[in-house]
Amino acid sequence: MVGTQTKSDSNRLVESAISKVGEIATLPEVTVKIIQIVENPRSTARDLHEVIKNDPALSARLLKVVNSAFYGLPGQISSIDRAIVLLGLSAVKNIAIAASMTHLFNSGATIDGFSGVELWRHSIAVGVAARLLTAAQGRPTVEESFLAGLIHDIGLLVQRQVYPREIAQLVARRQADNRQFCELEREIIGADHQALGMALAGKWRFPRTLCTTIGYHHQPMELAPANRELPALVFLADTLACRAGIGFSLTGSCEEPGEEVLQVLGLGSEQVEEVSRALPEQVAVTEAIFSE
């Protein structure tokens, strides 16, 4: 694939790739229902409980998470009702998506230099870094940030399924050449994982903010100022996870968020360093919670 594609060529390739994707194109039914409930302003905790109680595996995962150090709640929580009340609808949605995502990453073919397990570790690291950065901002949207970080690289799952040979070529080229991963993707495949991931998230009917973050997490400053914050946050989180070498790190290991990214986020370099130091331990805790 040569690097002289037009925008319309790239769009057609993305549409074609998404149409060829098999198992990962469909989220589990329970996850879809939970997303719909959370996005509906008229929904209540009772609506969510009615869906979750019919899925024993998700119920068990939810209780595991709510009783973990990830949330640090006092006492042992044994009821789904109580878990939903304590965590809130948004957090439960994130747990459901994370639970359904685990098998998508862990299944599929292994490619030289690229494994779903390592991509999942990286995704957890970015989710944790985004959560920590949001806490450092003093903002309450830590759940949205964690989810955005967790799913930012879903376009790589599309590539693994539709373009496995090209991914092997990509990894080899990136290891030999310090060019940006997205640039090599556009050259070898014709579209990068941002575009493919945004299309898949759109098919899943994820909120627009998440779709935009997936589509621009390597180029947040290309967006209008009003839309930059969450993509910039995930960009910085991605860079920190790649620098720490947690999981598959080729996508962001040669990138450097500039001062303008920190300005968008209202963060100082000391706060970022603090997050970076806390990251490995926090990732280990979170991996234990979300592992199968």
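The coordinates are above.
Let us look at the structure shown here. Every value quoted in this text rests on a predicted model; they were computed, and no experiment measured them. (Residues numbered from 1 in each chain as written. Predicted model: local features only at pLDDT ≥ 70, side-chain atom pairs only at ≥ 80, totals over all residues. Heavy atoms only, no water.)

### Here's the deal with the overall build of the protein
Okay, step 1: The number of helices and strands found in the protein is 16 helices and zero strands.
Okay, step 2: Computed over the C-alpha atoms, the radius of gyration of the protein is 19 Å, within 12% of the 19 Å expected from 2.2 N^0.38 for a compact globule of 292 residues.
Okay, step 3: The principal-axis extent of the C-alpha atoms belonging to the protein is close to 55 × 45 × 35 Å.
Okay, step 4: Counting all 292 residues of the protein, 52% fall into the buried class.
Okay, step 5: Taking contacts inside the protein between residues at least 6 apart in sequence as the whole, the part at least 24 apart equals 68%.
Okay, step 6: By element, 49% of the accessible surface of the protein is carried by carbon and sulfur atoms, the whole surface being about 12900 Å².
Okay, step 7: For the protein, the distance from the average site of its 26 positive side-chain charges to the average site of its 33 negative ones is 5 Å. (Helix = DSSP H or I, 4+ residues; strand = E, 2+ residues; numbered from the N terminus. Rg over C-alpha atoms; globule rule 2.2 N^0.38 Å. Buried < 20%, exposed > 50% of the residue type's maximum accessible area, 1.4 Å probe, protein only. Contact = heavy atoms within 4.5 Å. Areas by Shrake-Rupley, 256 points an atom, 1.4 Å probe, with all protein chains shown as cover. Lys, Arg positive; Asp, Glu negative; His and termini not counted. Charge placed at Lys NZ, Arg CZ, Asp CG, Glu CD.)

### Looking at the packing of aromatic side chains
Okay, step 1: All told, the structure shown has four aromatic pairs when counted by the stated rule.
Okay, step 2: Taking the centre distance of 4.9 Å and the plane angle of 85° together, the rings of F114 and F248 count as edge-to-face. Of this pair, F114 sits in the loop between helix 6 (89-106) and helix 7 (116-137) while F248 sits in the loop between helix 14 (229-243) and helix 15 (259-265), and the two are 134 residues apart along the sequence.
Okay, step 3: On the accessibility criterion, F114 (3% relative accessible area) is buried.
Okay, step 4: Taken together, the ring pairs in this structure connect F114, F181 and F248 into an aromatic cluster. (Phe/Tyr/Trp six-rings, centres within 6.5 Å; stacked < 30°, edge-to-face > 60°.)

### Re the packing of helix 9 (residues 154-162) against helix 12 (residues 193-203)
Okay, step 1: Between helix 9 and helix 12, the least distance of the axes is 7 Å, while the angle of their chain directions is 100°. As far as their axial angle goes, helix 12 and helix 9 are roughly perpendicular. On the side of helix 9, the interface is formed by I154, G155, L156, V158 and Q159, while helix 12 contributes H193, L196, G197, L200 and A201.
Okay, step 2: A breakdown of the residues in the contact of helix 9 with helix 12 according to their chemical character gives six nonpolar, four polar and no charged. (Axes fitted to C-alpha atoms, helices over the stretch in contact; angles between N-to-C directions. Parallel < 35°, antiparallel > 145°, perpendicular 65-115°, else oblique. Nonpolar A, V, L, I, M, F, W, Y, C, P; charged D, E, K, R; others polar.)

### Points about helix 16 (residues 269-290)
Okay, step 1: Between the first and last C-alpha of helix 16 there are 30 Å, a value that for 22 residues agrees with the 32 Å anticipated at 1.5 Å per step.
Okay, step 2: Where helix 16 bends most, at L279, the angle is about 45°, and the proline P280 comes one to four residues later.
Okay, step 3: Buried within helix 16 are the following residues: V272, V275, L279, V283, T286, I289 and F290.
Okay, step 4: Packing partners of the buried residues in helix 16 comprise helix 4 (56-66), helix 6, helix 7, helix 8 (142-151), helix 14 and helix 15. (Expected span 1.5 Å × (residues − 1). Bend = angle between axes of the 7 residues up to and from the residue.)

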